[in-house]
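# Architecture at a glance
The lines below spell out each chain.
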Amino acid sequence: QVQLVESGGGLVQAGGSLRLSCAASGRTFSRLVMGWFRQAPGKVREFVAARAWSGGSTSYGDSVKGRFTLSGDNNKNTVYLQMNSLKPEDTAGYYCAASSLALQPIDMPSRTRYPYWGQGTQVTVSS
């Protein structure tokens, strides 16, 4: 089993930045596809970013391209989502997901494609 714990959420003003973390245990993230999704109350879960470290591929959702960056730290077995130029519409719960089966980034929030999910961290951007 893979356990995922997100952290780093909080309240920021529009135009500010936050850095989210997802610590993985049970597997090294270099052998996983790691994804970030977000969901606001009453809205569908939306793809943010994903990386397949085994294949060296990264993908971003259209709404965050040029503003968000996905990276990883092998020593800490942790992936990061750097979020810059935040907008009020970025307000949502952010969730980390992992797959040990895929070799390419996955943009669907499927529990078949992503069997492992964290509990989420809240990001609130004030106008």
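Above this note sits the structure.
This write-up is about the structure you can find in this document. (Residues numbered from 1 in each chain as written. Predicted model: local features only at pLDDT ≥ 70, side-chain atom pairs only at ≥ 80, totals over all residues. Heavy atoms only, no water.)

### Overview of the pattern of salt bridges
Threshold: A carboxyl oxygen of Asp or Glu within 4 Å of a side-chain nitrogen of Lys or Arg is what we treat as a salt bridge. Secondary structure counts use DSSP, requiring at least four H or I residues in a row for a helix and at least two E residues in a row for a strand, with both numbered from the N terminus.
In this structure the tally under the stated criterion is 4 salt bridges. A salt bridge links arginine 38 to glutamate 46; the shortest N-O distance between them is 2.9 Å. Residues aspartate 90 and arginine 67 are paired through a salt bridge, measuring 2.8 Å at the closest nitrogen-oxygen approach. Here the residue aspartate 90 occupies a position in the loop between strand S8 (78–83) and strand S9 (92–99), and arginine 67 occupies one in the loop between strand S6 (57–60) and strand S7 (68–73), the gap between them amounting to 23 residues. Sharing partners across several salt bridges, the network here consists of Arg38, Glu46, Arg67 and Asp90.

### Structural notes on the sheet that holds S7
Here is the rule: For two strands to pair, DSSP has to find at least two bridges joining them. Angles run from 0 to 180 degrees between N-to-C directions of axes, and those axes are lines fitted to C-alpha atoms, restricted for helices to the stretch in contact.
Pairing is antiparallel across the open sheet formed by 4 strands, whose spatial order is S1-S3-S8-S7. This sheet does not close on itself; its edge strands, each paired only once, are strand S1 (3–7) and S7. Strand-to-strand twist across the sheet, computed as the mean angle between neighbouring axes with direction ignored, equals 20°. Of the strand pairs in this sheet, strand S3 (residues 18–25) and S8 are connected by 6 bridges, and their pairing is antiparallel. Bridge pairing links alanine 23 to threonine 78 in S8.

### Some remarks on the packing of aromatic side chains
Centre-to-centre distance and the angle between the planes together describe a pair of aromatic rings. Note the following rule: What counts as a ring pair is set by centres within 6.5 Å for rings of Phe, Tyr and Trp (its six-membered ring), and what kind of pair is set by the plane angle: stacked under 30 degrees, edge-to-face over 60, tilted for all other angles. Between buried and exposed lies partly exposed: a residue is buried under 20% and exposed over 50% of the maximum accessible area for its type, with that area taken using a 1.4 Å probe on protein chains only.
Per the counting criterion, the structure on display carries 5 aromatic pairs. Plain terms: the ring middles of phenylalanine 29 and tryptophan 53 are 4.8 Å apart, the flat faces sit at 75° to each other, and that makes the pair edge-to-face. Here tryptophan 53 lies in the loop between strand S5 (46–52) and S6 and phenylalanine 29 lies in the loop between S3 and strand S4 (33–39), a separation of 24 residues in the sequence. Consider the rings of phenylalanine 37 and tyrosine 114, whose centres lie 5.4 Å apart with planes at 80°: the pair is edge-to-face. Of this pair, phenylalanine 37 sits in strand S4 while tyrosine 114 is found in the loop between S9 and strand S10 (116–117), placing the two residues 77 residues apart along the sequence. Note on accessibility: phenylalanine 37 and tyrosine 114 belong to one class, buried.

### A closer look at the state of the cysteines
Short version of the rule: In this description, the term disulfide denotes a pair of cysteine sulfurs within 2.5 Å.
Counted under the stated rule, the structure contains 1 disulfide. Between the sulfur of cysteine 22 and that of cysteine 96 lies a disulfide, 2.1 Å long from S to S. Around the S-S axis, the bridge from cysteine 22 to cysteine 96 shows a dihedral of about -80° and counts as left-handed. Taken together, the residues span a long stretch of sequence, with cysteine 22 in strand S3 and cysteine 96 in strand S9 at a distance of 74 residues. Here cysteine 22 matches cysteine 96 in class, with each residue buried.

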